[in-house]
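Remarks on the overall topology
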Amino acid sequence: MKKTNEVRKLVGVSRRTLQYYDDERVIVAERSKNNYRLYDQKALDRIWEIMICKEMGFDLKEIKQLLIASDNKKKELFRLCIETVKEQINIM
């Protein structure tokens, strides 16, 4: 289990971003006795998945849908994103 400071340094996001993801229920942070947010490996994996999706240009609303989508649906959406990037490269 990692605290917010450890996670934000590891992932490179702000404390507020982690709080927002938790508030929006995109990730689930457990709470310590002192009410600190604690992140397990599953939460860290989810944060990395969110970061990848953000880099691909998805907004948080779209990311929420991706996180609950089937693997086949995710693959299709990522394939479409890759095709869009390829088209943009060819235009340049």
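These figures come from a predicted structure and were not determined experimentally.

Our focus in this paragraph is the overall build of the chain. Helices and strands together make up the secondary structure of the chain, namely five helices and three strands. The helix and strand sequence of the chain, counted from the amino end, reads β-α-α-β-β-α-α-α. Seen through its principal axes, the chain has C-alpha atoms that stretch 55 × 30 × 20 Å. Expressed as a percentage of its 92 residues, the buried residues of the chain come to 29%. A separation of at least 24 residues holds for 41% of the contacts in the chain among residues at least 6 apart in sequence.

Scanning the entire structure with this criterion turns up two aromatic pairs. Taking the centre distance of 6.5 Å and the plane angle of 50 degrees together, the rings of Tyr20 and Tyr21 count as tilted. Relative accessible area serves as the criterion here: at 35%, Tyr20 is assigned to the partly exposed category. Classification of Tyr21 as buried rests on a relative accessible area of 3%. Ring centres of Phe58 and Phe78 lie 6.3 Å apart, and the angle between their planes is 65 degrees; on these two criteria the pair is classed as edge-to-face. Of the two residues, Phe58 sits in the loop between helix H3 (41-55) and helix H4 (60-68) while Phe78 sits in helix H5 (residues 71-91), which places them 20 residues apart along the sequence. According to the relative accessible area criterion, Phe58 is buried, its value standing at 15%.

Here we come to the nonpolar core. Within the largest apolar cluster, 21 residues are counted, with the highest numbers of intra-cluster contacts made by Val7, Leu18, Ile27, Tyr39, Ile47, Ile50 and Ile63. Sorting the residues of this core by element identifies helix H1 (4-11), helix H2 (15-23), H3 and H4 as the ones contributing at least two each. With six residues, the top contributor of residues to this core is H3. Among all residues touching Tyr39, those that are not within four sequence positions of it are Met1, Lys2, Lys3, Thr4, Val7, Leu18, Ile27, Ala29 and Ile47.

Let's shift gears to the UniProt feature "domain: HTH merR-type" (unreviewed entry) in the chain. UniProt marks residues 1-69 with the feature "domain: HTH merR-type" (unreviewed entry), using the numbering shown here. Note that residues 1-69 is 59% helix and 10% strand, and that its end C-alpha atoms are spaced 26 Å apart.

Right, let's get into the pattern of salt bridges. Where side chains of opposite charge bring their charged atoms close, a pairing between them can arise. Under the criterion given, the structure shown has eight salt bridges. Between Asp22 and Arg37 there is a salt bridge, with the nearest N and O atoms lying 2.7 Å from each other. Taken as a pair, Asp22 in helix H2 and Arg37 in strand S3 (residues 37-39) lie far apart in primary sequence, 15 residues in all. Accessibility expressed as a relative area gives 5% for Asp22, which makes it buried. One salt bridge in this structure joins Glu49 and Lys74, with 3.2 Å as the shortest N-O distance. Residue Glu49 is located in helix H3, and its partner Lys74 is located in helix H5; the two are separated by 25 residues in the primary sequence. Take Glu49: its relative accessible area is 25%, and that puts it in the partly exposed class. What makes Lys74 buried here is its relative accessible area of 14%. Residues joined in a network through salt bridges with shared partners are Arg16, Asp22, Asp23, Arg25, Arg31 and Arg37.

Conventions we followed
- Residues numbered from 1 in each chain as written.
- Predicted model: local features only at pLDDT ≥ 70, side-chain atom pairs only at ≥ 80, totals over all residues.
- Heavy atoms only, no water.
- Helix = DSSP H or I, 4+ residues; strand = E, 2+ residues; numbered from the N terminus.
- Buried < 20%, exposed > 50% of the residue type's maximum accessible area, 1.4 Å probe, protein only.
- Contact = heavy atoms within 4.5 Å.
- Phe/Tyr/Trp six-rings, centres within 6.5 Å; stacked < 30°, edge-to-face > 60°.
- Core = buried A, V, L, I, M, F, W, Y, C linked by side-chain atoms within 4.5 Å.
- UniProt positions renumbered as here; feature names shortened; annotations may be inferred.
- Salt bridge = Lys/Arg side-chain N within 4 Å of Asp/Glu carboxyl O.

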